[in-house]
Amino acid sequence: VKSLHKHGQIYAGFFGPMLFAMSFVSILMAKLEDSGNDGKHYFAFGWVLYHCGAAYNCFKQMLAGKKALIGGLIFHTFMLASFLMYLKSNNFQPQSLSPF
């Protein structure tokens, strides 16, 4: 971690524990029923947003010349598609995201 840029160390220290916690909660939530479980669907939608942003960032960096990020792009695109398919197969209703 010492070879990272100062800002990289800050981001890794800040987001690393959050990503670990979200992954752990995902494992625990896998035990819950899928059908009609709005909380589980919202959590999956949160992962959709995360992987969408991560795939976009990897793609943007690839266009800037960092070809090594193709692995990240493939991984995040696969995860994005997986969570979208999960939501689709469990009849997630986008209108349920409205706070009104």
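Located above this text is the structure these notes cover.
All values reported here derive from a predicted model rather than from experimental measurement. (Residues numbered from 1 in each chain as written. Predicted model: local features only at pLDDT ≥ 70, side-chain atom pairs only at ≥ 80, totals over all residues. Heavy atoms only, no water.)

*Asks:* Tell me about the pattern of salt bridges, and name the residues and values.
*Replies:* Following the criterion strictly, the structure yields one salt bridge and no others. D34 is the partner of K40 in a salt bridge, and the nearest nitrogen-oxygen pair spans 2.6 Å. What makes K40 buried here is its relative accessible area of 9%. A relative accessible area of 27% means that D34 is categorised as partly exposed. (Salt bridge = Lys/Arg side-chain N within 4 Å of Asp/Glu carboxyl O. Buried < 20%, exposed > 50% of the residue type's maximum accessible area, 1.4 Å probe, protein only.)

*Asks:* An account of helix α2 (residues 38–63) is needed here, citing residue identities and associated values.
*Replies:* Taking 1.5 Å of rise per residue, the 26 residues of α2 would be expected to cover 38 Å, and the 37 Å separating its terminal C-alpha atoms lies within 8% of that figure. For α2, the complete set of buried residues consists of K40, H41, F43, A44, W47, V48, H51, A54, A55, C58 and M62. Structurally, α2 contributes buried residues whose contacts are with α1 (6–29) and α3 (70–89). The first or second residue beyond α2 is G65, which carries a positive phi of 110°. (Helix = DSSP H or I, 4+ residues; strand = E, 2+ residues; numbered from the N terminus. Expected span 1.5 Å × (residues − 1). Contact = heavy atoms within 4.5 Å.)

*Asks:* I'd love a proper account of α1, names of residues and values included.
*Replies:* Counted at 1.5 Å a residue, the expected span for α1 with its 24 residues is 34 Å, and the 35 Å between its end C-alpha atoms agrees. Of all the bends found along α1, the most pronounced is centred on F15 and spans about 30°, while P17, a proline, follows it within four residues. (Bend = angle between axes of the 7 residues up to and from the residue.)

*Asks:* An account of the packing of aromatic side chains is requested, with residue identities and associated values reported.
*Replies:* Applying the stated criterion to the full structure yields four aromatic pairs. Residues F43 and W47 carry aromatic rings whose centres are separated by 6.4 Å and whose planes lie at 85° to one another, so their mutual orientation is edge-to-face. On the criterion of helical spacing, the pair formed by F43 and W47 is a turn pair, its members being four residues apart in helix α2. For the pair shown, F43 and W47 are each scored as buried. Judged by centre distance (5.9 Å) and plane angle (25°), the ring pair of F45 and F92 falls under stacked. Taken as a pair, F45 in helix α2 and F92 in the segment after α3 lie far apart in primary sequence, 47 residues in all. An aromatic cluster is present here, built from F43, W47, Y50 and F83 joined pairwise through their rings. (Phe/Tyr/Trp six-rings, centres within 6.5 Å; stacked < 30°, edge-to-face > 60°.)

*Asks:* Go over the packing of α2 against α3, please, and point to the residues and values.
*Replies:* Any two packed helices are characterised by the angle at which their axes cross and by the distance between the axes. In contact at an axis separation of 8 Å, α2 and α3 are set at 155° when each is read in the N-to-C sense. It follows from the interaxial angle that α2 and α3 lie roughly antiparallel. For α2 against α3, the interelement crossing comes out left-handed. Across the contact of α2 with α3, the residue classes break down as 20 nonpolar, five polar and one charged. (Axes fitted to C-alpha atoms, helices over the stretch in contact; angles between N-to-C directions. Parallel < 35°, antiparallel > 145°, perpendicular 65-115°, else oblique. Left-handed = near helix turned anticlockwise from the far one by under 90°. Nonpolar A, V, L, I, M, F, W, Y, C, P; charged D, E, K, R; others polar.)

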